[in-house]
Amino acid sequence: YQRRVHGVQDLVIPFNESMRLQGMQVAAILRKQGRQVDICLDAKKLKNSFSYADRIGAQRAILVAPDEWAEGQVRVKDLRSGGRKEEEEKSDSDNGVKTLLADLH
């Protein structure tokens, strides 16, 4: 197959349906920072979501999972280098998410 480049920088992947709202919040914050963002709202396996991210040429995948979210974290995977890291929020509030995502920019 040939990878299509759609100009998407970040693909936000909610871990499951219960994390969709948080995923949309993360996507909205990134968009306000001027990043090109897509969000995977289909109930797919994570492997399929990462394959989709590769097909659209996303630079990063941002996983919004319940355990990490409860700890004030999201998981960011650099799809170009394959690196993965957990990014901590500065606080437990929505402002913490904004601060975190400002650091990702």
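This text gives an overview of the structure that appears in the document.

About the thresholds
- Residues numbered from 1 in each chain as written.
- Predicted model: local features only at pLDDT ≥ 70, side-chain atom pairs only at ≥ 80, totals over all residues.
- Heavy atoms only, no water.
- Helix = DSSP H or I, 4+ residues; strand = E, 2+ residues; numbered from the N terminus.
- Buried < 20%, exposed > 50% of the residue type's maximum accessible area, 1.4 Å probe, protein only.
- Contact = heavy atoms within 4.5 Å.
- Areas by Shrake-Rupley, 256 points an atom, 1.4 Å probe, with all protein chains shown as cover.
- Phe/Tyr/Trp six-rings, centres within 6.5 Å; stacked < 30°, edge-to-face > 60°.
- Lys NZ or Arg CZ within 6 Å of the ring centre and 35° of its normal.
- Core = buried A, V, L, I, M, F, W, Y, C linked by side-chain atoms within 4.5 Å.
- Polar contact = N/O pair within 3.5 Å; in protein donor to acceptor, adjacent residues only side chain to side chain.
- Expected span 1.5 Å × (residues − 1).
- Arc of directions from axis to C-beta.
- Patch = residues over 30% accessible without salt bridge, like charges linked within 9 Å, V, L, I, M, F, W, Y side chains within 5 Å.
- Salt bridge = Lys/Arg side-chain N within 4 Å of Asp/Glu carboxyl O.

A closer look at the overall build of the protein chain
- Looking only at helices and strands, the protein chain features four helices and five strands.
- In the protein chain, the succession of helices and strands from N to C terminus is β-α-β-α-β-α-β-β-α.
- Burial analysis of the protein chain (105 residues in total) assigns 40% to the buried set.
- A separation of at least 24 residues holds for 58% of the contacts in the protein chain among residues at least 6 apart in sequence.
- Accessible area of the protein chain: about 6,300 Å², with a carbon and sulfur share of 44%.

Observations regarding the packing of aromatic side chains
- Tallied over the full model, the rule gives zero aromatic pairs.
- Directly above the ring of Phe 50 sits Lys 77, whose terminal nitrogen or CZ lies 5.3 Å from the centroid.

As for the nonpolar core
- Grouped together as the largest cluster of nonpolar side chains are 12 residues: Val 12, Met 19, Val 26, Ala 27, Leu 30, Val 37, Ile 39, Ile 62, Val 64, Trp 69, Val 74 and Val 76.
- Mapped onto this core, the elements with two or more residues apiece are helix 1 (20-32), strand 2 (37-39), strand 3 (60-64) and strand 4 (73-78).
- The biggest single contributor to this core is helix 1, with three residues.

Digging into the environment of Arg 35
- Mapping Arg 35 onto the fold places it in the loop between helix 1 and strand 2.
- Judged by relative accessible area, Arg 35 falls into the buried class, the value being 10%.
- Measuring from C-alpha to C-alpha, the distance between Arg 35 and Gln 9 comes to 6.4 Å, with 26 residues separating the pair along the chain.
- A distance of 2.5 Å separates a polar atom in the side chain of Arg 35 from a polar atom in the side chain of Asp 10.

So, helix 1
- Under the 1.5 Å per step criterion, the end-to-end length of helix 1 is 18 Å for 13 residues, consistent within 8% with the ideal 18 Å.
- For helix 1, the set of buried residues is Gln 22, Gly 23, Val 26, Ala 27, Ile 29 and Leu 30. The arc that holds the buried residues of helix 1, viewed along the axis, is 160°, so those residues lie on one side. Summarising the geometry of helix 1, the exposed residues directed more than 90 degrees from the buried face are Leu 21 and Lys 32.
- With its phi angle positive at about 90°, Gly 34 sits one or two positions after the end of helix 1.

Considering a nonpolar patch on the surface
- A cluster of nonpolar side chains, namely Leu 21, Met 24 and Leu 41, defines an oily patch on the protein surface of about 260 Å² accessible area.
- Tracing the backbone through its elements, the reader meets Met 24 in helix 1.

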